[in-house]
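Structural features, examined
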Amino acid sequence: METNKKFNLEKQEILSGSRILKNHKTKNRIEYFNENANENYLVKNNILDEETFKKKFLNYRNAWNGQPDKIIKEFKNKSLNDFYKLDDSFKPLCIDLELASICDLACPHCFREYLATPDKIMNIDFAKKLISDAINNNVPSIKFNWRGEPLLHPNLTNLIKYAKDNGVLETIINTNATNLTEKKGLEIINSGLDYMIYSFDGGKKETYEKLRPGRFKKNKFENVIQNIKKFSDLKKKLNVKFPYTKIQMVLMNNNRDEVESFFEIFDSIVDEVTITPYQERGGGLKDLNKSNLMILEKYLSENNLSKDTPYMIDGEGNLFISLGRKTCKQIFQRLMVTYDGKTGMCCNDWGAQYNLGYLNELGFKSENEEKKILKNVRDNKKGFELLKNIKMPPTYNKPSEKVLNLKEIWNSNELNKVRKTHLSNDLDKINICKGCNAQDTFIWKKIN
């Protein structure tokens, strides 16, 4: 990416990254958890008292940005010789466990439609081992999905409950809600799940069903809305506050006019409604209308910038251009674990292409799983008809084939090499980071 050095940043309107373009909510998540602490699973089941829960949760959320900010400030542009001497408080704040790599949808804006992804679930004993490992390292948050749909794992709620019974502060899932039956909803509530994020793109039936087609059967707009509404009704009927629910829509050109209808549908049945920016993941989908495209092309030409210069458009139609990259915080916050035990540095390292190490020997014995998916596509098997554009995912890093634990990977040379590269402003030296378009890793300037 080219950066125009003539910009005077002090005189520009700058946006330092943006995951949320527009949202409706009554209270933010921290306020919600604090005000309803007495209703949290840990407090209701006498695992933690209310004040201890509040303190621990607030410390965890403050650390989410505080931990990376402190390290970035301390080590930015230094020799980094003391980087390996970080104290024991430096730990992962969240572990993302890919309980299911399989998904029942084939969304055109998802990596799964362009990189072969195994239709697998995580072994329950391995999952429990990872949860215990996280607990032993005082990891405050566990998310129970990554590339796939977590409700397709038959033991999802048992594993969430296992984590909560052992004191994990925050448990999270991101779901498409296609399988959110009333029975499953009751299991989720009883498991102690803290935070459930729905992914739902479109404010109208035609748009939604185009952006979220089913792999194995037709996915219907009205059915998923009913699933989400019934879950809201169930929470009210049982008079429970958790899980906190958020729904998010990825903003693209074909759903840009449906933002208000999206809010209208969901405002009364979830705790938070959010619009998030489109990230290019292989489909080349349009997120700019003709007017903004002309503004962008003119700006790039007048400022002698590359046509590949990253841009972003927010929920109000404001167009931003990137002035440069910045150190990614995720490498100081979380670890991602695939169903077979490979580890990725961030949620955009799709399927651990830059693999940091193995938590299970299956990770270095499962190389043929992606090839099986490609064969199913070639054979036109049911459920694979919409995956015709997939290819084998690239391998950017090949660690030693030995099984490690979470702490060993978190403090490994493999991950610290990535951190030091970021801190030295050499992001382009890491292939997965060079091609990343996560909005939080850019500095933005409004141009319209």
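Summarised in this report is the structure supplied together with it. Every value quoted in this text rests on a predicted model; they were computed, and no experiment measured them. (Residues numbered from 1 in each chain as written. Predicted model: local features only at pLDDT ≥ 70, side-chain atom pairs only at ≥ 80, totals over all residues. Heavy atoms only, no water.)

**Brief notes about the nonpolar core**
Residues Phe-144, Phe-200, Ile-228, Phe-266 and Met-345 are the most contacted members of the largest nonpolar core, which totals 69 residues. Ignoring sequence-local partners within four residues, the contact set of Ile-228 consists of Ala-177, Tyr-198, Phe-200, Ile-247, Phe-266, Ile-269 and Val-270. By size, the runner-up hydrophobic cluster in this structure holds 19 residues, among which are Leu-42, Leu-93, Ile-172 and Ile-197. (Core = buried A, V, L, I, M, F, W, Y, C linked by side-chain atoms within 4.5 Å. Buried < 20%, exposed > 50% of the residue type's maximum accessible area, 1.4 Å probe, protein only. Contact = heavy atoms within 4.5 Å.)

**Re the pairing of strand S3 (residues 94-97)**
Every second residue of S3 is oriented toward a common face, with Cys-94 and Asp-96 on one face and Ile-95 and Leu-97 on the other, all of them buried. Summarising the sheet, S3 and strand S4 (residues 141-143) pair through three bridges and their orientation is parallel. Bridging from a neighbouring strand, Asp-96 pairs with Lys-143 of S4. Handedness of the β-α-β unit built from S3, helix H4 (residues 124-136) and S4 comes out right-handed. Bridge count between S3 and strand S11 (residues 334-337): four bridges; the pairing is parallel. What sits directly across from Leu-97, in S11, is Val-337. (Helix = DSSP H or I, 4+ residues; strand = E, 2+ residues; numbered from the N terminus. Pairing = 2+ DSSP bridges. Right-handed = clockwise from strand over helix to strand, strands pointing away.)

**Observations regarding the side chain of Glu-258**
Relative to the helices and strands, Glu-258 resides in the loop between strand S7 (244-251) and helix H9 (259-266). Look at Glu-258: it is buried, it has no salt bridge, and the nearest opposite charge is Lys-204 at 5.0 Å. A polar atom in the side chain of Glu-258 sits 2.5 Å from the side chain of Thr-207. Apart from residues lying up to four places away in sequence, Glu-258 is in contact with Gly-202, Gly-203, Lys-204, Thr-207 and Met-249. (Lys, Arg positive; Asp, Glu negative; His and termini not counted. Salt bridge = Lys/Arg side-chain N within 4 Å of Asp/Glu carboxyl O. Polar contact = N/O pair within 3.5 Å; in protein donor to acceptor, adjacent residues only side chain to side chain.)

**Some thoughts on the packing of H4 against helix H5 (residues 156-165)**
Put simply, H4 and H5 touch, their axes get as near as 10 Å, and they point 25° apart. Judged by the angle between their axes, H4 and H5 are roughly parallel. In the crossing of H4 with H5, the sense of the turn from one axis to the other is right-handed. Residues Ile-124, Ala-127, Lys-128, Ile-131 and Ser-132 of H4 lie in contact with H5, whose contacting residues are Leu-159, Tyr-162 and Ala-163. (Axes fitted to C-alpha atoms, helices over the stretch in contact; angles between N-to-C directions. Parallel < 35°, antiparallel > 145°, perpendicular 65-115°, else oblique. Left-handed = near helix turned anticlockwise from the far one by under 90°.)

**A few points about the environment of Thr-178**
Its place among the elements puts Thr-178 in the loop between strand S5 (170-175) and helix H6 (182-191). Sequence-wise, Thr-178 and Leu-151 are 27 residues apart; in three dimensions their C-alpha atoms are separated by 8.7 Å. In this view, Thr-178 contacts Asp-104, Leu-105, Asn-219, Val-224 and Asn-227; residues no more than four positions away in its chain are not counted. Polar side-chain contacts of Thr-178 include one of 2.8 Å to the side chain of Asn-176. Of note is the side chain of Thr-178, whose polar atom sits 3.0 Å from the side chain of Asn-179.

Fair warning: the whole summary comes from geometry, so function is off the table for now.
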